[in-house]
Amino acid sequence: MQVYLDNAATTPMDTQVIEAMHQVMKHTFGNPSSTHAIGRQAKSLIETARRTIAQLLNCKASEIVFTSGGTEADNMAIHASVHQMGAMRIITTPLEHHAVVHSVKAIEKHQNIQVDIVKTNEKGQVDLIDLEQLLSHTQQKTLVSLMHANNEIGTLLSLEQVSELCRKYNALFHSDTVQTMGHYCFDLQALDIDFITCAAHKFHGPKGVGFLYCNSKNKVAPLIHGGSQERGRRGGTENVYGIVGLEKAMQLAYQHLSHHQQYIQGLKDSMITQLRHLFEHVKFNGTIDPHESLYTVLNVQLPPTQQASMILFTLDLKGIAVSGGSACSAGSNEGSHVLQGIGVDTQQPNVRFSFSRHTTQQEIDYTIEQLSEIYQKIPALVEN
Ligand SMILES: Cc1ncc(COP(=O)(O)O)c(C=O)c1O
């Protein structure tokens, strides 16, 4: 049996998304910048997609800038805050995705920007009192960059509360919403935020396409210089079929959102219950409170074993795809910067299970059965 429980890394494309893209590939090959009818057809697909997405998020179409995905959109937001909006200081956490962590580091080094770290607790939650203190202690224009949901442990941030603080102290607010776009509703008329980001492949769309939402109060200059595509904000011929795929994936995600939310939360609850039943010594990294945690992600510390690095490998051999955060499995000796950042021992077997609307109960049950077998064969320290 093949089991895919790594949906926070990427999701399989929906067949309706593939079909929509296929139609564009077959019939609309024009360059959207060409002024003739064939070019105009391609341009019109892009502008329709922009309007569809803007409607779903309750924002203006001109506030959507198509990008190559989440990383580029995060980079653009940080770059624009410093270069166009005059931010001299950035408040963030070490638990952000590398698209933010590394982008902040690069800008700190080259632009002499002050970077302040806001406190987080062992669940990965941001200390809002500390954030307010940091915001109140300066006259410098500040950017707050805090992710909506952590991609490794799923911990959620209240965008409303952070937005209120940012407005009170006149700070810019960027949130990496790559893990929540297509999984939660956004009303950008009600939520006062400067920048949010999207990657289509996190909700059954294609890879290599996403967008930056840039509040119309703000300016964005291109990171990629070239033609005047995207209203002069990103050079380069547009990824037309990717953008149409993104549009379709957004429509499908929001069409039956609450149904999908309930279904996926049910799978996560079942996994939690079965893991607790199977192991006396199982811990959940971050939080499993449904109000504080992304319903698609469950990060688990399995019982300690002398062969922690073998767990993922063995699951893979049994056809089960998951991610790890432990040393070795994360591709580095230190392990995940997020798990380390919340004080989790990365020498232990930490596994991220992540679900989607394509995940089935059988996949969950099979994974539990296989974990049970694995732990019967390998010695667990606590049980010896
Ligand atoms: C929270 C978060 N931000 C940014 C990214 C980067 O997105 P992309 O792979 O589309 O560049 C990811 C992807 O894993 C992510 O999970």
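Basis of the calculations
Residues numbered from 1 in each chain as written. Predicted model: local features only at pLDDT ≥ 70, side-chain atom pairs only at ≥ 80, totals over all residues. Heavy atoms only, no water. Phe/Tyr/Trp six-rings, centres within 6.5 Å; stacked < 30°, edge-to-face > 60°. Helix = DSSP H or I, 4+ residues; strand = E, 2+ residues; numbered from the N terminus. Buried < 20%, exposed > 50% of the residue type's maximum accessible area, 1.4 Å probe, protein only. Near = heavy atom within 4 Å. Polar contact = N/O pair within 3.5 Å; in protein donor to acceptor, adjacent residues only side chain to side chain. Areas by Shrake-Rupley, 256 points an atom, 1.4 Å probe, with all protein chains shown as cover. Expected span 1.5 Å × (residues − 1). Contact = heavy atoms within 4.5 Å. Patch = residues over 30% accessible without salt bridge, like charges linked within 9 Å, V, L, I, M, F, W, Y side chains within 5 Å. Salt bridge = Lys/Arg side-chain N within 4 Å of Asp/Glu carboxyl O. Core = buried A, V, L, I, M, F, W, Y, C linked by side-chain atoms within 4.5 Å. Axes fitted to C-alpha atoms, helices over the stretch in contact; angles between N-to-C directions. Parallel < 35°, antiparallel > 145°, perpendicular 65-115°, else oblique. Left-handed = near helix turned anticlockwise from the far one by under 90°. Nonpolar A, V, L, I, M, F, W, Y, C, P; charged D, E, K, R; others polar.

Further remarks concern the packing of aromatic side chains. Evaluated as defined, the whole model comprises two aromatic pairs. Ring centres of Phe279 and Tyr375 lie 4.8 Å apart, and the angle between their planes is 65°; on these two criteria the pair is classed as edge-to-face. Of the two residues, Phe279 is situated in the loop between helix 9 (257-278) and strand 9 (283-284) and Tyr375 in helix 12 (residues 361-377); the sequence distance between them amounts to 96 residues. By relative accessible area, Tyr375 is classed as buried at 7%.

We now examine the site of the ligand. The ligand sits among 13 residues. The nearest are Gly70, Thr71, Asp176, Gln179 and Lys202. The contact in question runs from an oxygen atom of the ligand to an N or O atom on the backbone of Gly70, over 2.9 Å. One nitrogen or oxygen atom from the side chain of Thr71 is found 2.5 Å from an oxygen atom belonging to the ligand. Protein chains shield 84% of the accessible area of the ligand, which is 400 Å² for the free molecule. Examining the composition of the shell around the ligand, we find that three residues originate from one element, helix 3 (residues 70-83), more than from any other.

Think of an α-helix as turning once every 3.6 residues; residues three or four places apart then point the same way. Between its first and last C-alpha atoms helix 2 (residues 37-57) spans 30 Å; for 21 residues at 1.5 Å apiece the expected length is 30 Å, and the two agree. Burial in helix 2 covers these residues: Gly39, Ala42, Ile46, Glu47, Ala49, Arg50, Thr52, Ile53, Ala54 and Leu57. Buried residues along helix 2 sit in contact with strand 2 (64-67), strand 8 (210-214), helix 7 (229-232) and helix 8 (240-255). At the exit of helix 2 stands Asn58, carrying a positive phi of roughly 55°.

Together, Met310, Phe313 and Leu317 make up an exposed nonpolar region whose accessible area comes to about 320 Å². Within the secondary structure layout, Leu317 lies in helix 10 (residues 308-317). A relative accessible area of 64% means that Leu317 is categorised as exposed.

This part is about unusual backbone geometry. You will see that Asn58, though not glycine, has its phi angle at about 55°, which is positive. Along the chain, Asn58 falls in the loop between helix 2 and strand 2.

Turning our attention to the nonpolar core. Within the largest apolar cluster, 85 residues are counted, with the highest numbers of intra-cluster contacts made by Leu57, Val144, Met181, Phe211, Leu246, Leu275 and Phe353. In terms of residue count, helix 8 provides more of this core than any other element does, nine residues in total. Ranked by size, the runner-up nonpolar core spans 10 residues in total, among them Ile90, Ile107, Leu143 and Leu172.

Time to look at the packing of helix 9 against helix 12. At their nearest, the axes of helix 9 and helix 12 sit 10 Å apart, and the two run at 20° to each other. If you check the angle between helix 9 and helix 12, you find them roughly parallel. In terms of crossing hand, the pair formed by helix 9 and helix 12 is right-handed. Residues Tyr263, Leu267, Ser270, Met271, Gln274, Leu275 and Leu278 of helix 9 form the contact with helix 12, whose participating residues are Gln361, Ile364, Asp365, Thr367, Ile368, Leu371 and Ser372. Across the contact of helix 9 with helix 12, the residue classes tally to eight nonpolar, five polar and one charged.

With that settled, consider the pattern of salt bridges. Following the criterion strictly, the structure yields 15 salt bridges and no others. Ionic pairing is found between Arg357 and Asp14, a salt bridge with its closest N-O pair at 3.0 Å. Residue Arg357 is located in the loop between strand 13 (350-354) and helix 12, and its partner Asp14 is located in the loop between strand 1 (3-4) and helix 1 (15-27); the two are separated by 343 residues in the primary sequence. Note on Asp14: relative accessible area 11%, which makes it buried. Between Glu47 and Arg50 there is a salt bridge; the shortest N-O distance is 2.8 Å. A residue pair is termed a helical-turn pair when its members lie 3 or 4 positions apart in one helix, as Glu47 and Arg50 do in helix 2 at three residues. Glu47 sits in the buried class, given a relative accessible area of 17%. Residue Arg50 is classed as buried on the basis of its relative accessible area of 1%. Three or more residues are tied together by salt bridges with common partners; here these are Lys43, Glu47, Arg50, Glu230 and Arg231.

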